[in-house]
Amino acid sequence: MGHVPLSWYLVLSAILFALGVAGFVYRKSVITVFMSIELMLNSVNLSFVAFSYQLQRIDGQIYSFFVMVVAAAEAAVGLAIILTIFKNRGTLQIDEVDSMKL
Amino acid sequence: MIDTVLFIICAIVAVVCGFNLVLQKHPISSALSLIGVMSSLAVLYLLLGAEFIAMTQMIVYGGAVMVLFVFVIMLLNAGSEKASSKSWFAQIAGVPLLLAFVGILAFLIRGVLPPLGTVAFGSWVGGTAEHVGQLLFTTYLLPFEIISVLILIAILGAVVLARKEID
């Protein structure tokens, strides 16, 4: 019987989270940085659902549902902020938006 | 057997698309890779018995959020990002630190957590819309209402931020 160990799901979630962190730190385009945040949220959702399977309870899935809703709200507001940045500065490079830098 | 094959295929697709998201220079390539990650994660949710979450993942993430991303990329005509100087610390220590992070997490998952079971497709289907809805509208009713207010505030915020100044 070839059943998948649950720890594989958790390791996959860790790998995706690390990739999200890498994209967040290394990329210079505001939109790509924002997509990396979505990748991290997705990987956390995966471990929520995996633990929900392990405990045979639905609570974990409810939490991942809430994470999805908050991510959707965050995407709407964040993309509006990106639009405003582009309108005011004409650039999407994250290191050119540095007016709060000392 | 078949669920092992399905898991491995989806995991490989997710990891390759994740690498592609980080490595591509053009935002639209990153967005398409992110859609690949989200679709394969939806299949993994189905394997874990979370039918409702899998469907929500496809509709909310793969549909609504990614359409919003692609729409903004097209609207702003975002081109490839320019290379700029990175700090020496990020260049030297970035990748080793990330590998150490994944290694420590994998060690914690395999070694420190109490032994986890295996996943057999179809052995537990607790995530149907009926079950999720029942819990969502009884135990989690207050968070549900609060989050609907949050959505309303987010809509207002997006409209206020992105509107054109009309004098």
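Conventions we followed
Residues numbered from 1 in each chain as written. Chains lettered and ligands numbered in written order. Predicted model: local features only at pLDDT ≥ 70, side-chain atom pairs only at ≥ 80, totals over all residues. Heavy atoms only, no water. Helix = DSSP H or I, 4+ residues; strand = E, 2+ residues; numbered from the N terminus. Rg over C-alpha atoms; globule rule 2.2 N^0.38 Å. Buried < 20%, exposed > 50% of the residue type's maximum accessible area, 1.4 Å probe, protein only. Contact = heavy atoms within 4.5 Å. Areas by Shrake-Rupley, 256 points an atom, 1.4 Å probe, with all protein chains shown as cover. Lys, Arg positive; Asp, Glu negative; His and termini not counted. Charge placed at Lys NZ, Arg CZ, Asp CG, Glu CD. 1 Å grid on protein atoms, 1.4 Å probe; cavity = no way out; pocket = protein on both sides within 12 Å on 5 of 7 lines; lining within 4 Å. Points joined across faces, edges and corners; volume = space filled by probe spheres on them. Nonpolar A, V, L, I, M, F, W, Y, C, P; charged D, E, K, R; others polar. Buried area = accessible area lost by both parts, 1.4 Å probe. Salt bridge = Lys/Arg side-chain N within 4 Å of Asp/Glu carboxyl O. Polar contact = N/O pair within 3.5 Å; in protein donor to acceptor, adjacent residues only side chain to side chain. pLDDT = per-residue confidence, 0-100. Expected span 1.5 Å × (residues − 1). Core = buried A, V, L, I, M, F, W, Y, C linked by side-chain atoms within 4.5 Å. Phe/Tyr/Trp six-rings, centres within 6.5 Å; stacked < 30°, edge-to-face > 60°.

**A word on the overall build of chain B**
- The helix and strand inventory of chain B stands at 6 helices and 1 strand.
- Walking chain B from its N terminus toward its C terminus, one meets helices and strands in the order α-α-α-α-β-α-α.
- The C-alpha atoms of chain B give a radius of gyration of 21 Å, which is well past the 15 Å a tight globule of 167 residues would have.
- Summarising its shape, the C-alpha atoms of chain B cover approximately 60 × 45 × 30 Å along the three principal directions.
- Put simply, chain B has 167 residues, and 36% of those count as buried.
- Counted over contacts in chain B with a minimum sequence separation of 6, partners at least 24 positions apart contribute 65%.
- By element, 76% of the accessible surface of chain B is carried by carbon and sulfur atoms, the whole surface being about 9,800 Å².
- For chain B, the distance from the average position of its 6 positive side-chain charges to the average position of its 7 negative side-chain charges is 19 Å.

**What about the layout of surface pockets?**
- Each pocket or cavity is described by its volume, and for the largest pocket that value is around 390 Å³.
- In terms of lining, the largest pocket is formed by 15 residues, of which the most central are L19 and A22 of chain A together with F19, V22 and L98 of chain B.
- Broken down by secondary-structure element, the contributors of at least two residues to the lining of the largest pocket are α1 (6-26) of chain A together with α1 (2-23) and α4 (88-112) of chain B.
- Per-class residue counts for the lining of the largest pocket are 12 nonpolar, no polar and 3 charged.
- Here the second largest pocket is characterised by a volume of approximately 150 Å³.
- Lining of the second largest pocket is provided by 14 residues; of these, L92 and Q93 of chain A together with A78, G79 and S80 of chain B occupy positions nearest its centre.
- Its residues assigned to classes, the lining of the second largest pocket comprises 5 nonpolar, 7 polar and 2 charged.

**So, the interface of chain A and chain B**
- Taken together, the contacts link 72 residues of chain A with 84 residues of chain B.
- Note on chain A versus chain B: buried area summed over both sides is about 7,100 Å², and carbon and sulfur give 76% of it.
- If you look at where chain A meets chain B, you find 0 salt bridges.
- Along the contact surface separating chain A from chain B lie 5 residue pairs in polar contact (both at pLDDT 80 or more).

**Here we look at the confidence of the model for chain B**
Residues and elements named next belong to chain B.
- Summing up the model confidence of chain B, the mean pLDDT is 86 and the portion of residues at 70 or higher is 98%.
- Model confidence for chain B, summarised as mean pLDDT per element, is weakest for strand β1 (residues 118-119) at 78 and strongest for helix α2 (residues 27-47) at 92.
- As scored by the predictor, the complex reaches a pTM of 0.90 and an ipTM of 0.89.

**Quick look at the side chain of N45 of chain A**
- Note that N45 of chain A resides in helix α2 (residues 30-55).
- Among residues more than four places away in sequence, those in contact with N45 of chain A are S64, V67 and M68 of chain A together with Y45 and Y61 of chain B.

**A short note on the environment of I62 of chain A**
- Inspection of the secondary structure assignment puts I62 of chain A in helix α3 (residues 59-89).
- According to the relative accessible area criterion, I62 of chain A is buried, its value standing at 0%.
- Expressed as a C-alpha distance, the spacing of I62 of chain A and F48 of chain A, which sit 14 residues apart in the sequence, is 9.1 Å.
- Excluding its chain neighbours within four sequence positions, the residues that come into contact with I62 of chain A are V132, L135, L136 and Y140 of chain B.

**Notes on α2 of chain B**
- For α2 of chain B, spanning 21 residues, the distance from its first C-alpha to its last is 31 Å, which sits close to the expected 30 Å at 1.5 Å a residue.
- Count one or two residues on from α2 of chain B and you reach G49 of chain B, which has phi positive near 80 degrees.

**With respect to the nonpolar core**
- Grouped together as the largest cluster of nonpolar side chains are 67 residues, with contacts concentrated most on Y9 and I31 of chain A together with L44, Y45 and L48 of chain B.
- Where this core is concerned, the elements lending two or more residues are α1, α2 and α3 of chain A together with α1, α2, α3 (51-76), α4 and α5 (129-136) of chain B.
- When near neighbours in sequence (up to four residues on either side) are disregarded, Y9 of chain A contacts V4, L46 and A50 of chain A together with F7, L44, L47, L48 and V119 of chain B.

**A short note on the environment of I58 of chain A**
- Here I58 of chain A shows up in the loop between α2 and α3.
- A relative accessible area of 15% places I58 of chain A in the buried class.
- Apart from the residues within four sequence positions on either side, I58 of chain A is in contact with S52 of chain A together with G126, H131, V132 and L135 of chain B.

**Looking at the packing of aromatic side chains**
- Across all of its chains, the model carries 11 aromatic pairs over all chains by this definition.
- For the ring pair F137 of chain B and F144 of chain B, a centre distance of 5.0 Å and an interplane angle of 75 degrees mean the geometry is edge-to-face.
- Among the residues examined, F137 of chain B registers a relative accessible area of 47% and is labelled partly exposed.
- Connected via pairs of aromatic rings, a cluster forms that spans F48, Y63, F65 and F66 of chain A together with F52 and Y140 of chain B.

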